[in-house]
Amino acid sequence: MSTHLLKSMTAKLELAQQPLSRTPTWIATASLFASLIPLSLAPILVKLCEREIGSNAVAFHRGWIATIIFGLLSGLEALDRQKSDNQPVEQKPFTRRELGLLVALGTFGAIYFLLWSLALTQTNVANVTLFCGLNPLFVGLGGWLLLGRSYNSRFIIGMIMALGGAIAMGLDDVQFATNQVQGNALALLSGICFAAYLILLELLRERFTTATLLLWRCAFTTMLAFPVLALAQETLFPHSWLGWFFVILQAVLCQVLGQGLLAYSLSKLSSGFVAVTLLFEPVLASIFAWVIFSERLGFLDLVAFVVILCGIYVAQSSQSAVKETSEVA
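Below you will find a few notes about this structure. Going along each chain's sequence as written, the residues are numbered from 1 onward. Only residues with pLDDT of at least 70 are given local features in this predicted model, and only at 80 or more are side-chain atom pairs given and counted; all residues enter the totals for whole chains, interfaces and linings. The basis for the side-chain values is all heavy atoms of the structure; hydrogens and waters are excluded.

Quick look at the packing of aromatic side chains
To describe a pair of aromatic rings, one takes the distance between the centres and the angle between the planes.
Then comes step 1: Pairing of aromatic side chains here covers Phe, Tyr and the six-membered ring of Trp, requires ring centres within 6.5 Å, and sorts the geometry by plane angle: under 30 degrees stacked, over 60 edge-to-face, intermediate tilted. In the structure shown here, the tally under the stated rule is eight aromatic pairs.
Then comes step 2: Residues Phe237 and Trp244 carry aromatic rings whose centres are separated by 6.0 Å and whose planes lie at 35° to one another, so their mutual orientation is tilted.
Then comes step 3: What links up through ring pairs into an aromatic cluster is the set Tyr112, Phe194 and Tyr197.
Then comes step 4: One cation-aromatic arrangement involves Arg217 over Tyr197; the distance from NZ or CZ to the ring centre is 4.8 Å. Each ring is checked for a lysine NZ or an arginine CZ that lies within 6 Å of its centre and within 35 degrees of its normal; such an atom marks a charge sitting over the ring.

Here you go:
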């Protein structure tokens, strides 16, 4: 009798320690593809913001606006947890390792956006998209070296296909002028920082909610952008209501919605697959330019679109695309 009771109590304890929810793979995948729409609009919106303020000012405003929103969401989550009898894993005290990873996440996320915004002022959008878009290579390499993660041949083939299609699509617009070398280097460094951010985001997503992680990221963006802004002596505030509209829009649409959906997808998907899927961003950007600005799409562009989609499909059908871990909401 006592043995049966002990087993029953042990089973209940193990059930209570299991994650409160598991995001189905299809929801995580849908979240990732939905994030591509606002993220693909980011270069256009940042360029519109930079008509009245500098790149560091854009990062600063994007940071503090998103920090307020994610702070409110985190507060609502805390109130909801207090009303619930369940004790999620996030209520446990931070360990030194977790605190260090959160600081690293916020730092790499902030540096990535600061470098990306600065690169847009020193080279064209096509160059920034190409060099920053190489991040799947860095995500795969970092995951292999730092996390011991292995990728099967199907995933690698899909990544090469998608990466090749993305490079082929933007190669016609890429310029290698000597006055753009610095901007190209900044875009490449931005891609490396974004790769580190994605790996850390996937790692911490098992322990913390989306709102908590992006609160740290956006708070660090605000803190790092402000001193850089002061040193650069840039114009801090837009001088028109239209300028403020674009500043607020890019913060809410790109940072809160786009990055929020992206972070949520990492509850189930691997950072490597997320990086490969983000190669579809330039495809959407080209479609938007075709619809809004009547820009021409050539036959080679359409072929590149198909190659990227096929590469993403091949990578998604691989076991390396999904991680089997616990997660929080």
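Some points on the side chain of Ser55
Then comes step 1: Numbering of helices and strands starts at the N terminus; helices are DSSP runs of H or I of at least 4 residues and strands are runs of E of at least 2. Mapped onto the fold, Ser55 is located in helix 4 (residues 55-83).
Then comes step 2: Whether two residues touch is decided by their heavy atoms; if any such pair falls within 4.5 Å, the residues are in contact. Residues within four places of Ser55 in sequence aside, it is in contact with Glu50, Ser117, Leu118, Thr121 and Glu234.

Comments concerning the packing of helix 3 (residues 42-49) against helix 11 (residues 241-265)
Then comes step 1: Viewed as axis vectors pointing N to C, helix 3 and helix 11 meet at an angle of 155°, and their least axial separation amounts to 9 Å. Our classification of the angle between helix 3 and helix 11 gives roughly antiparallel. Considering the relative orientation of helix 3 and helix 11, their crossing is left-handed. Contacts from Ala42, Leu45, Val46, Leu48 and Cys49 of helix 3 reach helix 11 at Phe246, Val247, Leu249, Gln250, Leu253 and Cys254.
Then comes step 2: Among the residues forming the contact of helix 3 with helix 11, the class breakdown is 10 nonpolar, one polar and no charged. Fitted lines through C-alpha atoms give the axes, limited to the stretch in contact for helices. The angle between two N-to-C directions lies from 0 to 180 degrees. Just so you know how the angles are binned, under 35 degrees is roughly parallel, over 145 roughly antiparallel, 65 to 115 roughly perpendicular, and the rest oblique. Note on convention: the crossing is left-handed when the near helix lies turned anticlockwise from the far helix by less than a right angle, right-handed when the turn is clockwise. For this classification, the nonpolar set comprises Ala, Val, Leu, Ile, Met, Phe, Trp, Tyr, Cys and Pro, the charged set comprises Asp, Glu, Lys and Arg, and every other residue, Gly included, is treated as polar.

Digging into a nonpolar patch on the surface
Then comes step 1: Residues Leu141, Trp144, Leu145, Leu146 and Leu147 make up a contiguous nonpolar surface patch of roughly 560 Å² in combined accessible area.
Then comes step 2: With respect to the helices and strands, Leu146 occurs in helix 7 (residues 135-146).
Then comes step 3: When a residue's accessible area, from a 1.4 Å probe over protein chains only, is under 20% of the maximum for its type it is buried; when over 50% it is exposed; and in between it is partly exposed. Under the relative-accessibility criterion, Leu146 is labelled exposed at 70%. Exposure above 30% relative accessible area and the lack of any salt bridge qualify a residue for a patch; like charges then connect within 9 Å, and the nonpolar side chains Val, Leu, Ile, Met, Phe, Trp and Tyr within 5 Å. The Shrake-Rupley method, run with a 1.4 Å probe, gives the accessible areas here. Residue values count only the displayed protein chains as cover. Here, a salt bridge means any Lys or Arg side-chain nitrogen found within 4 Å of an Asp or Glu carboxyl oxygen.

Quick look at the environment of Ser74
Then comes step 1: Mapped onto the secondary structure, Ser74 falls in helix 4.
Then comes step 2: Given a relative accessible area of 14%, Ser74 falls into the buried group.
Then comes step 3: Between the C-alpha atom of Ser74 and that of Leu213, which follows or precedes it by 139 residues, the distance is 9.6 Å.
Then comes step 4: If sequence neighbours within four positions are ignored, Ser74 has contacts with Ala211, Thr212 and Leu215.

Observations concerning the pattern of salt bridges
Where charged atoms from two side chains of opposite charge come close, those side chains can pair.
Then comes step 1: Taken as a whole, this structure holds one salt bridge when the rule is applied.
Then comes step 2: With its nearest N and O atoms 2.9 Å apart, the salt bridge here joins Arg207 to Glu98. Of this pair, Arg207 sits in the loop between helix 9 (181-204) and helix 10 (210-232) while Glu98 sits in helix 5 (residues 96-122); the two residues are 109 residues apart in sequence, bridging distant segments of the chain.
Then comes step 3: Judged by relative accessible area, which is 14%, Glu98 ranks as buried.

What to know about the side chain of Glu50
Then comes step 1: Counting through the fold element by element, Glu50 comes out in the loop between helix 3 and helix 4.
Then comes step 2: For this count, His and the chain ends are skipped, Lys and Arg are scored as positive, and Asp and Glu as negative. Buried charged residue Glu50 carries no salt bridge. Nearest counter-charge: Lys47, at 4.9 Å.

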